[in-house]
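Listed below are the residues making up each chain.
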Amino acid sequence: DTAVSQTPKYLVTQMGNDKSIKCEQNLGHDTMYWYKQDSKKFLKIMFSYNNKELIINETVPNRFSPKSPDKAHLNLHINSLELGDSAVYFCASSQDGRGLGYTFGSGTRLTVV
Amino acid sequence: AQSVSQHNHHVILSEAASLELGCNYSYGGTVNLFWYVQYPGQHLQLLLKYFSGDPLVKGIKGFEAEFIKSKFSFNLRKPSVQWSDTAEYFCAVNAGSSASKIIFGSGTRLSIRP
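Bear in mind the structure is a predicted one, so any value in this text is a computation, not a measurement.

1. Topic: the nonpolar core
In step 1: Core analysis: the largest hydrophobic core is formed by 30 residues, its most contacted members being L33(B), W35(B), L47(B), L48(B), F74(B), L76(B) and Y89(B).
In step 2: If you list the elements that add at least two residues to this core, you get β2 (10-14), β3 (19-21), β5 (31-38), β6 (44-50), β8 (64-68), β9 (73-78), β10 (87-95) and β12 (108-113) of chain B.
In step 3: The leading source of residues in this core is β10(B), at five residues.
In step 4: Residues in contact with L48(B), not counting those within four places in the same chain, are L33(B), F34(B), W35(B), V57(B), K58(B), G59(B), F63(B), E64(B), A65(B), F74(B) and L76(B).
In step 5: Counting residues in hydrophobic clusters, the runner-up holds 20 residues, among them I21(A), M32(A), V60(A) and F64(A).

Now the structure itself:
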């Protein structure tokens, strides 16, 4: 069973479109995260939710909106996609809000053309 | 703000060579430290972690790391690398006011020549 699963794995879309990436974890973890990995492999945290509550919101354009319907799911919706949004987006979960070791999803490669 | 520095951007070694990847962090208080590995086209996997106790931590696949508090370092080592160790390696820290998230270094790409 996949512990942290993301869909889709690949996403190619045109500038200006709106798209969503879904993430689900079956580990019973309380906290979930979204990270962005750019073309230089640099990983930067975007958001974190603990038990459906937003606890981290880094400096991310408000075109990005996370949604957590329950503690097992954290989806990422992106409006008005731009070329610079092209990256690999990783979802992760951890047992508690202290981030003591993550389990990562397999990533979603977003390409904006 | 906490930060993590990995000074080696790309390391190239031959099989059976010894490996040491540098990692330094900036934070004066209690830290939790991690090394993650990302094999080509895959997600990040935890190699090892340090929370407290013995500063020499052993991880999976023969890797180990040593926490040296006075040097703010957590270098990763392996005595004899294999071709299958080709990957991107990330050092990370979880500390202080940022305790609810892990901050990653910029990564070190390791290439192993068969």
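2. Comments concerning the pattern of salt bridges
All names here are of chain B.
In step 1: Following the criterion strictly, the structure yields seven salt bridges over all chains and no others.
In step 2: Where E64 meets K58, a salt bridge forms, and the shortest distance between an N and an O atom there is 2.8 Å.
In step 3: On the accessibility criterion, E64 (17% relative accessible area) is buried.
In step 4: Look at K58 and you get exposed, because its relative accessible area is 62%.
In step 5: Measuring nitrogen to oxygen at the nearest pair gives 3.2 Å for the salt bridge that ties R77 to E66. With R77 in strand β9 and E66 in strand β8, the pair connects residues that are eleven residues apart, well separated along the chain.
In step 6: When its relative accessible area of 23% is taken as the criterion, R77 is described as partly exposed.
In step 7: With relative accessibility at 27%, the residue E66 sits in the partly exposed group.
In step 8: Each of the salt bridges in this network shares a partner with another, and the network as a whole consists of K58, E64, E66 and R77.

3. Examining the state of the cysteines
In step 1: By the definition in use, this model includes two disulfides over all chains.
In step 2: Note on cysteine connectivity: C23(A) is disulfide-linked to C91(A), with sulfurs 1.9 Å apart. Where C23(A) bonds to C91(A) through sulfur, the torsion about that S-S bond is close to -80°, and the disulfide is left-handed. One end of the pair, C23(A), is in strand β3 (residues 19-25); the other, C91(A), is in strand β9 (residues 87-94), with 68 residues separating them in the sequence.
In step 3: Each sulfur of the disulfide joining C23(B) and C91(B) lies 1.9 Å from the other. Given an S-S torsion of about -65°, the disulfide between C23(B) and C91(B) has left-handed geometry. Here C23(B) is found in the loop between β3 and β4 (24-26), whereas its partner C91(B) is found in strand β10, with 68 residues between them in sequence.

4. Remarks on unusual backbone geometry
In step 1: Cis geometry marks the peptide bond from T7(A) to P8(A), where omega comes out at -5°.
In step 2: Mapped onto the elements of the fold, P8(A) is located in the loop between β1 (4-7) and β2 (10-13).
In step 3: Look at A16(B): it is not a glycine, yet its phi comes out positive at around 80°.
In step 4: Along the chain, A16(B) turns up in the loop between β2 and β3.
In step 5: The exposure class assigned to A16(B) is exposed, which follows from its relative accessible area of 53%.
In step 6: Backbone geometry places K61(B), a non-glycine residue, at a positive phi of 60°.

About the thresholds
Residues numbered from 1 in each chain as written. Chains lettered and ligands numbered in written order. Predicted model: local features only at pLDDT ≥ 70, side-chain atom pairs only at ≥ 80, totals over all residues. Heavy atoms only, no water. Core = buried A, V, L, I, M, F, W, Y, C linked by side-chain atoms within 4.5 Å. Buried < 20%, exposed > 50% of the residue type's maximum accessible area, 1.4 Å probe, protein only. Helix = DSSP H or I, 4+ residues; strand = E, 2+ residues; numbered from the N terminus. Contact = heavy atoms within 4.5 Å. Salt bridge = Lys/Arg side-chain N within 4 Å of Asp/Glu carboxyl O. Disulfide = S-S within 2.5 Å.

In short, geometric facts, not functional conclusions.
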